[in-house]
Amino acid sequence: MNTILVTGGAGYIGSHACKLLARAGYVPVTFDNLSTGWASAVKFGPFVQGDLLDKAALAAAFAEFRPIAVMHFGALSQVGEATRDPGLYWRNNVCGSLNLIEAMAEAGCADMVFSSTCATYGDQDGVILNEDSPQYPLNAYGASKLAVEAMLRDFGKSHGLNSVIFRYFNVAGADPEAEIGEWHQPETHLIPVMIEAAAGKRPALIIHGTDYPTDDGTCVRDYVHVMDLVDAHLKGLEWLRAGHGSRVFNLGTGVGFSVAEVIRQCRAGTGRKVPHEFGPRREGDAAALVSGSTRANDELGWRAERSSLKLMIEDAWRWYQTGGFSG
Ligand code: UDP
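Predicted model, so just to flag it, every value in this text is computed and none were measured.

Asker: Help me get a handle on the overall build of the chain, residues and values and all.
Answerer: The number of helices and strands found in the chain is 10 helices and 14 strands. At 19 Å, the chain has a C-alpha radius of gyration in line with the 20 Å of a compact globule built from 327 residues. With the principal axes as the frame, the chain shows a C-alpha extent of 50 × 40 × 40 Å. Taken over 327 residues, the chain has a buried fraction of 56%.

This is how it looks when you write it as structure tokens:
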């Protein structure tokens, strides 16, 4: 059987991965506690409602479904929340991953594709980031992901665990067929917040900080379409199954856009202007995070074909108009 255990499969990126896995002939089994995900996002394979902190639930899922590999998306991922409550992030993201990795070792499952983040690099003054750049996370979210990267390396040495680690830059957009999309409550990410403001669901988008050392003073990020991102995961899975061993890849386009530029482009994607106001910096934010790597292109044959800002905003807007998830 081609079963893949997908932690966080009810969440934004995990649900898109399940859609692509199912399309490629795999059976994606979602393992998710629904703390931030949605049962109605699980449409492409079986669903186990379980928590990564519950070792018995993990062991039961491995025994029942016997996955050949794991895609590990299940994590908390908000910089602001992580800065306010680091313990929550260390417990959930680090202890949860340790339980998962140990459950894999016990079940004899040796391949994992892991969601890491460019937040592990921290702020490096406009330096273009590649996989060998030093990692100095600025917040507990990045620190928790960096700790799991180290854990994967250790279990690689001791237990033969193979991992493809993807360090995501900023993920945006939605399934172009609008079956699934990004739906957080409350929403904190730039593009969906901007869309809510454009739709009149919130009075204004607050720009967090205008005095950064960037061209227009707002933070610069490298945005990747979620469909491109999960396509890389499929390629990462094939890489592991072909026996190429553990590897780290950045997933970004190499092009950065400031918050102000993203707002300007909203009009092209939605036909609407975004009411916005200027606010203070958000603690934990780096001024600029842009990938300087072509490793995923060169070694996995990955192309970020859908990752124009216009398409990401258009797809997110189409999804928003479906009314999103509930329950
Ligand atoms: N941002 C903003 N207003 C918002 C949400 C985000 O100005 O309501 C900024 C945020 O400070 C960061 C960028 O947009 O510079 C991307 O933030 P997001 O939370 O989407 O992703 P992150 O970079 O934190 O992973």
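Asker: Got a sec to walk through the pairing of strand β1 (residues 3-7)? Specific residues and values, please.
Answerer: Across the five residues of β1, five count as buried, placing the element largely inside the fold. In this view, the connection linking β1 to its parallel neighbour strand β2 (residues 27-32) by way of helix α1 (residues 12-23) has right-handed handedness. For β1 and strand β4 (residues 69-72), the ladder comprises four bridges, and the chain directions are parallel. The partner of Val6 across the bridge, within β4, is Met71.

Asker: Just give me the short version of the environment of Gly236, but keep the residues and values in it.
Answerer: Of note, Gly236 is situated in helix α7 (residues 226-241). Separated by 185 residues in sequence, Gly236 and Asp51 place their C-alpha atoms 25 Å apart.

Asker: Which residues make up the side chain of Ser307, and what values go with them?
Answerer: Inspection of the secondary structure assignment puts Ser307 in the loop between α9 (295-300) and α10 (309-320). On the basis of relative accessibility, which here comes to 11%, the residue Ser307 falls in the buried class. A polar side-chain atom of Ser307 sits 2.9 Å from the main-chain amide nitrogen of His225. In this structure, Ser307 is in contact with Tyr223, Val224, His225, Asp228, Thr253 and Met312, ignoring residues within four places of it in sequence.

Asker: I'd like a rundown of the nonpolar core, residues and numbers included.
Answerer: One recurring pattern in soluble globular proteins is that nonpolar side chains are buried together. Counting 65 residues, the largest nonpolar core has Ile13, Phe166 and Ile191 as its most contacted members. If you tally residues by element for this core, the top one is α7, at nine residues. In this view, Phe166 contacts Val113, Phe114, Ser115, Ser116, Thr117, Ala232, His233, Gly236, Phe249, Leu251 and Leu300; residues no more than four positions away in its chain are not counted. With 26 residues, the next largest nonpolar core counts Phe31, Met104, Cys109 and Phe155 among its residues.

Asker: Quick rundown of the site of the ligand? Include the residues and the values.
Answerer: The full set close to the ligand counts 16 residues, and Leu190, Ile206, Arg221, Arg282 and Asp285 are the nearest of them. Between the ligand and the protein, one listed contact pairs an oxygen atom with a backbone N or O atom of His208 at 2.8 Å. In the environment of the ligand, an oxygen atom lies 2.7 Å from a nitrogen or oxygen atom belonging to the side chain of Arg282. Surface burial for the ligand is 90%, taken as the share of its 510 Å² of free accessible area covered by protein chains. Within the residue set of the shell around the ligand, elements represented by two or more residues are α6 (190-198) and β8 (205-208). Residues belonging to the shell around the ligand are distributed by class as follows: nine nonpolar, four polar and three charged.

Reading the values: rules and limits
Residues numbered from 1 in each chain as written. Predicted model: local features only at pLDDT ≥ 70, side-chain atom pairs only at ≥ 80, totals over all residues. Heavy atoms only, no water. Helix = DSSP H or I, 4+ residues; strand = E, 2+ residues; numbered from the N terminus. Rg over C-alpha atoms; globule rule 2.2 N^0.38 Å. Buried < 20%, exposed > 50% of the residue type's maximum accessible area, 1.4 Å probe, protein only. Right-handed = clockwise from strand over helix to strand, strands pointing away. Pairing = 2+ DSSP bridges. Polar contact = N/O pair within 3.5 Å; in protein donor to acceptor, adjacent residues only side chain to side chain. Contact = heavy atoms within 4.5 Å. Core = buried A, V, L, I, M, F, W, Y, C linked by side-chain atoms within 4.5 Å. Near = heavy atom within 4 Å. Areas by Shrake-Rupley, 256 points an atom, 1.4 Å probe, with all protein chains shown as cover. Nonpolar A, V, L, I, M, F, W, Y, C, P; charged D, E, K, R; others polar.

Remember that the coordinates give geometry; whether it matters functionally is a separate question.
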